[in-house]
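Residues per chain, in single letters:
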Amino acid sequence: MTNPDLELLAALAVRRQHNLYRQRLTLESPQGACVRVADQPCINFASNDYLGLAAHPEVIAAFAEAARRWGVGSGASHLISGHCHEHQALEEELAAFTGRPRALLFSTGYMANLGVINALAGSGDLVVQDRLNHASLLDGGFLSRARFERYPHGDCETLATLLDLPGERRLLVTDGVFSMDGDLAPLPELVALADRHGAWLMVDDAHGFGVLGVHGGGSVEHFGLDIDQVPILMGTLGKAFGTFGAFVAGSEALIETLIQFARTYIYTTALPPAVATATRASLRLVRAEAWRREHLHRLIARFRAGAEAVGIPLLSSATPIQPVPIGDPARTLAIATRLREAGFLVGAIRPPTVPAGTARLRIALSAAHTEAQIDALLSALAAVWCAVSA
Ligand SMILES: *Cc1c(COP(=O)(O)O)cnc(C)c1O
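Bear in mind that the values here come from a model prediction, so they are computed numbers and not experimental data.

S.K.: When you look at the packing of aromatic side chains in this model, what are you seeing that I'm missing?
M.R.: Both the distance between ring centres and the angle between the ring planes are used here to describe each pair of aromatic rings. All told, the structure shown has five aromatic pairs when counted by the stated rule. Judged by centre distance (6.1 Å) and plane angle (45°), the rings of phenylalanine 97 and phenylalanine 209 are tilted. With a gap of 112 residues between them, phenylalanine 97 in helix α4 (residues 85-98) and phenylalanine 209 in the loop between β7 (200-204) and α9 (219-222) connect regions that are remote in the sequence. With relative accessibility at 13%, the residue phenylalanine 97 sits in the buried group. Their ring planes at 65° and their centres at 5.5 Å tell us that phenylalanine 106 and tyrosine 265 sit as a pair that is edge-to-face.

S.K.: Mind showing me how you'd approach helix α10 (residues 252-261) here?
M.R.: An α-helical segment advances 3.6 residues per turn. Residues three or four places apart therefore align on the same side. Among all positions of α10, only Leu254, Ile255, Leu258 and Ile259 are buried. Axial view of α10: buried residues confined to an arc of 135°, hence all on one face. The exposed set on the far side of α10, more than 90 degrees from its buried face, consists of Ala253 and Phe261. Buried-residue contacts for α10 involve α3 (78-82), β3 (102-106), α5 (109-120), β8 (232-236), β9 (246-250) and α11 (263-266).

S.K.: Mind showing me how you'd approach the sheet that holds strand β5 (residues 147-151) here?
M.R.: Through backbone hydrogen bonds, the strands of a sheet pair up, either in parallel or in antiparallel fashion. Ordered by their spatial adjacency, seven strands build an open sheet running β3-β9-β8-β7-β6-β4-β5, and the pairing between neighbours is mixed. Pairing within the sheet leaves two strands with one partner each, and these edge strands are β3 and β5. Averaged over neighbouring strand pairs, the angle between their axes works out to 20° when direction is ignored. One ladder, built from four bridges, connects β8 with β9; its direction is antiparallel. Across the sheet, glycine 235 pairs through a bridge with phenylalanine 247, a residue of β9. Sheet strands touched by α4: β3, β8 and β9. Its angle to β3, the strand with the most contacts, is close to 125°. Against the sheet, α5 touches β3, β4 (126-130), β6 (170-175), β7, β8 and β9, its axis set at about 165° to β8.

The rules behind these values
Residues numbered from 1 in each chain as written. Predicted model: local features only at pLDDT ≥ 70, side-chain atom pairs only at ≥ 80, totals over all residues. Heavy atoms only, no water. Phe/Tyr/Trp six-rings, centres within 6.5 Å; stacked < 30°, edge-to-face > 60°. Helix = DSSP H or I, 4+ residues; strand = E, 2+ residues; numbered from the N terminus. Buried < 20%, exposed > 50% of the residue type's maximum accessible area, 1.4 Å probe, protein only. Arc of directions from axis to C-beta. Contact = heavy atoms within 4.5 Å. Pairing = 2+ DSSP bridges. Axes fitted to C-alpha atoms, helices over the stretch in contact; angles between N-to-C directions.

Functional significance is not addressed by these values, which are geometric in nature.
Right under this line is the structure:
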């Protein structure tokens, strides 16, 4: 008998040699500004819970009550019998929140992106994406039978030449906020290029929703764009909203098309209804508690000023994603490990999540943090930065 393990173990050993081996932490507490990992309390700078809603008492209470009322499993896909009142109500609230006629829930953001791109583009079409787009968008492009082209990050000139390529339908797809760099896509320029080349613009605002814009409307609100300038808008619910799942918002025709043709919508079990109810509660908090965004943006400014003062390099980011560029994966891992020993949890992001040679710490700030916690991280980072030499 052939044993696959020998071959697999050899490939794993190579990954380890390159300092690219991934290991999971096991948390012994809910998400929050402080978490317990391996019996050690840590201040958590490695979560996408940007508004501190993942363990908010009102969201927990909504979830628990809904589980009692609606049960746990949804029992079926949306098109069979899994679509319940709570999903419907959340979709209507998300449509209102984004100012669009309709919204459609997907079980995850990954599935939403695969589903949308493949429902809209196929053989004979053109899909163009920023190279640093999220893996789920890139995979959506690879899976579609459309011609798939990528442009260097933020490079509108190359994008313009790619949009000249033939293609019956042309889809321009971008992250609103880039998940590993924290910077914003130049949406006004992309809107203009899409318009000039007859392309449909799709924005994945996983890291913008709830965080950017005075009302938390994300990068579209941040740039003051009209609804019809970004006809396909995708958002996730597992980040700033603190729950789970994703949605696409757009026109009646777009949403009906996705219901008919998005395979990742059709052929999967609906989210548990209680997750939808919990998200309705978190959406109320996102709308009502602007102080969360205001506090978060003050923390971002404080962190950036503090890092500059102690000589820690940062990428140019105005979002809660604050990467510290390092380059070498071994050094990145060493710094993250030292920080963890000092009680700070930060992400050590290495290839292939980011391009080769651009390993980095990914520091994620949250409205749940205090100014004192930001200052403590900066002191620890400054100390470790000098101790772990380049
Ligand atoms: C997290 C993320 C996704 C995937 O969303 P999930 O709900 O976690 O599957 C998609 N796009 C971007 C930009 C993301 O950051």
